[in-house]
Amino acid sequence: MFKGKIVRVASVRIKVMYNSLYPVNVKPYAVNRGYVKRKEDEDNPSSGSKAQMQEAQEQNSSQKTFEKKDNYTSFPRQQYPNGQQTAIDYSRSTVNVAQIITDFKNTTAAIGAPDDIKSEVETYLGLIEKESLKTDPNGKIIQTNLKTASKVLDNYIADTLKKPSDVVEKWIDALFLQKIDFRSDPTAINPAFQVQLPQKQEQPDTIVETINKQEDVVKDSSKYSLTPQNKEVKMAYFKGRKYAAINDTDKALSAFENALKLADETEDESAKPLIFLEVAKIYDGHDLLPQALTLYNKAAVNTQDPTLKTKAYYAMAKIYDDAVQFHPAMEHYYASIAFAGETENLKSQTFSLMRIAKMYADRYNSQEAQNYYQNAQKIAEETKNDKLAAEVYQVSAGKMSTLNETKPALDYYKKSSYYFSQTNDAIELASNYDKSSDLMLQLGNKNKAKALLEKAKNIYKQNNSPKEVFRIEQKLLAI
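What counts and how
- Residues numbered from 1 in each chain as written.
- Predicted model: local features only at pLDDT ≥ 70, side-chain atom pairs only at ≥ 80, totals over all residues.
- Heavy atoms only, no water.
- Phe/Tyr/Trp six-rings, centres within 6.5 Å; stacked < 30°, edge-to-face > 60°.
- Buried < 20%, exposed > 50% of the residue type's maximum accessible area, 1.4 Å probe, protein only.
- Lys NZ or Arg CZ within 6 Å of the ring centre and 35° of its normal.
- Helix = DSSP H or I, 4+ residues; strand = E, 2+ residues; numbered from the N terminus.
- Polar contact = N/O pair within 3.5 Å; in protein donor to acceptor, adjacent residues only side chain to side chain.
- Contact = heavy atoms within 4.5 Å.
- Salt bridge = Lys/Arg side-chain N within 4 Å of Asp/Glu carboxyl O.
- Axes fitted to C-alpha atoms, helices over the stretch in contact; angles between N-to-C directions.
- Parallel < 35°, antiparallel > 145°, perpendicular 65-115°, else oblique.
- Left-handed = near helix turned anticlockwise from the far one by under 90°.
- Nonpolar A, V, L, I, M, F, W, Y, C, P; charged D, E, K, R; others polar.
- Expected span 1.5 Å × (residues − 1).
- Core = buried A, V, L, I, M, F, W, Y, C linked by side-chain atoms within 4.5 Å.
- pLDDT = per-residue confidence, 0-100.

1. Description of the packing of aromatic side chains
So, point 1. Inspection of the entire model under this criterion finds nine aromatic pairs.
So, point 2. Considering the side-chain rings of Tyr237 and Phe238, the 5.1 Å spacing of their centres and the 75° angle between planes classify their relative orientation as edge-to-face.
So, point 3. For Tyr237, a relative accessible area of 2% gives the class buried.
So, point 4. Phe238 gets classed as partly exposed once you look at its relative accessible area, which sits at 38%.
So, point 5. By way of ring pairs, the aromatic residues Tyr393, Tyr412, Tyr418 and Tyr419 are connected into one cluster.
So, point 6. Taking the ring centre of Phe276 as reference, the NZ or CZ of Lys298 above it sits at 5.0 Å.

Structure, rendered in structure tokens:
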């Protein structure tokens, strides 16, 4: 066997339900298609072939025990066992245009739009439907009409709630990040792709049943727990975690195998994804990446618990990120952010946003990197965790500095210094002054650079760091 989401628009809190790939509390930045492709990316345009996915599925269905190896072979993060830069992209899912049309109609009904609004939206949907029935539909025509129709609904929502709204347009932007099948197939409709709207103080009678069902999915997640429910399963599960913690891999896998067997016998369905996640961590730690991805994905799709989904998608995103698979990494980080939003896990959202920002920074896309760093900073501040905010600003500053974005780097070091001063972390505060002085020198402001170095030197003196004091003094002499 083994080898919805919360977005803030003005002061309205809404949930976007489609395929869990939307950045929560983040503007829907489209994946930058203009970055310079690596040779491996050109040779392997897709993140995983059908043959690879079929092989993974066959492995899952044919084996009945966790794979145990006497000697685990590790592979570097930049390379899979077959030597190619490939990956199985479990997050990619095609959205059929019929799904979008149906959801648009339901959305129009759900908000109780008057006849003139319905008529206007129907006009655009009619054009979309007509185009989608062609043998080779024009995707640009469909996308343009979708955007226009979304703005019509958003304007009505804004007028009704007396506050700005772009929820429908954001939903459409999010769908554009996925693969859309522009040729209509009404049988391809999937309720998981539907949008949820901001509601008035009193819920309208016109809210359709499909949206109510989406609400129930979130409510039902409360029955899930990050601990197995059955006592015997729980004992085997924690036994596996104990062995995993001391790196006794074979015993850990045996314990988890036993836990899975007991979960089957006792019908403890909520335990299975927990077990999948722990075994995935073992494979991940040994750089057995395809196996890890397979089990992280099984953990994600076999639970309704948003916390578990957050962890699984983040782990998959890191694998793709480390393997330099930009698009699958981006989409899995989006999924992790989205599910973290359901539990108000701002810290987890911050980590994912920082990783996305780093991906753009590593590709020298300073504008997108800064956009994501700024969103990470805002959410880090919302946590009221001064240490986290200080570190986020500090990392952001360092990356902006390497991209020669001196002004934002200085601003971020200043913010980081403020938060470090709140935590009484003097050494990190001194480090910020030191690095800021280098940036001031780049701007030709020697006096400010010297003043910052003096601050750093005084802090190092007060904290008995003679080597750092000597280093700062040498820098001062060189100015």
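2. Here we look at the side chain of Asp321
So, point 1. Within the secondary structure, Asp321 is located in helix 12 (residues 306-322).
So, point 2. Side chain to side chain, Asp321 and Tyr333 meet in a polar contact 2.8 Å long.
So, point 3. The residues contacting Asp321, other than those within four sequence positions of it, are Ala329, Tyr333, Arg355 and Met359.

3. Observations regarding the pattern of salt bridges
So, point 1. Going through the model one piece at a time under the given rule, you end up with 18 salt bridges.
So, point 2. One salt bridge connects Glu381 with Lys415, and the closest N-O pair in it is separated by 3.8 Å. One end of the pair, Glu381, is in helix 15 (residues 366-382); the other, Lys415, is in helix 17 (residues 406-423), with 34 residues separating them in the sequence.
So, point 3. Judged by relative accessible area, Glu381 falls into the partly exposed class, the value being 25%.
So, point 4. Classification of Lys415 by relative accessible area gives partly exposed; the value is 39%.
So, point 5. For the salt bridge of Arg471 with Asp434, the shortest nitrogen-to-oxygen distance reads 2.8 Å. Of this pair, Arg471 sits in helix 20 (residues 466-478) while Asp434 sits in helix 18 (residues 426-442), and the two are 37 residues apart along the sequence.
So, point 6. Taken together, the shared-partner salt bridges connect Asp434, Asp438, Glu468, Arg471 and Lys475 into one network.

4. A short note on the packing of helix 18 against helix 20
So, point 1. For the pair helix 18 and helix 20, the least separation of the axes is 12 Å and the interaxial angle reads 15°. One finds that helix 18 runs roughly parallel with respect to helix 20. Along this stretch, helix 18 crosses helix 20, giving a crossing that reads as left-handed. Where helix 18 abuts helix 20, its residues Asp434, Ser437 and Asp438 lie against Arg471, Ile472 and Lys475.
So, point 2. When grouped by side-chain class, the residues that make up the contact of helix 18 with helix 20 number one nonpolar, one polar and four charged.

5. Focus: helix 14 (residues 346-362)
So, point 1. Between its first and last C-alpha atoms helix 14 spans 24 Å; for 17 residues at 1.5 Å apiece the expected length is 24 Å, and the two agree.
So, point 2. Taking burial as the measure, the 17 residues of helix 14 include twelve buried ones, the bulk of the element.
So, point 3. Where helix 14 is concerned, the buried positions are Leu346, Ser348, Gln349, Thr350, Ser352, Leu353, Met354, Ile356, Ala357, Met359, Tyr360 and Ala361.
So, point 4. Elements in contact with the buried residues of helix 14: helix 12, helix 13 (326-342), helix 15 and helix 16 (386-402).
So, point 5. Note on helix 14: the residue one or two positions beyond its end, Tyr364, has a positive phi of about 60°.

6. Here we look at the packing of helix 5 (residues 139-161) against helix 6 (residues 167-176)
So, point 1. In contact at an axis separation of 7 Å, helix 5 and helix 6 are set at 155° when each is read in the N-to-C sense. Regarding the angle of helix 5 to helix 6, the classification is roughly antiparallel. Along the contact surface, helix 5 presents Gln143, Leu146, Lys147, Ser150, Lys151, Leu153, Asp154 and Ile157, while helix 6 presents Val167, Val168, Glu169, Ile172, Asp173 and Phe176.
So, point 2. A breakdown of the residues in the contact of helix 5 with helix 6 according to their chemical character gives seven nonpolar, two polar and five charged.

7. Some points on the nonpolar core
So, point 1. Judged by nonpolar contacts, the single largest core of 87 residues is most densely connected at Tyr296, Met330, Ile356 and Tyr372.
So, point 2. Not counting residues up to four positions away in its chain, the partners in contact with Tyr296 are Leu277, Ala280, Lys281, Asp284, Ala312, Ala315, Met316 and Ile319.

8. Remarks on unusual backbone geometry
So, point 1. The phi dihedral of Asp287 is positive, around 60°, even though this residue is not glycine.
So, point 2. Among the secondary structure elements, Asp287 is positioned in the loop between helix 10 (271-285) and helix 11 (289-301).
So, point 3. A relative accessible area of 18% means that Asp287 is categorised as buried.

9. Concerning the confidence of the model for the chain
A low pLDDT means the predicted coordinates there should not be read in detail.
So, point 1. Confidence along the chain averages 75 in pLDDT terms, with 71% of residues attaining 70 or more.
So, point 2. Counting contacts from residues 1-64, a segment whose pLDDT is below 50, to residues more than four positions away or on other chains yields 178 contacts.
So, point 3. Per-residue pLDDT stays below 50 along residues 70-92; that stretch engages in 80 contacts with residues further than four places along the chain or on separate chains.

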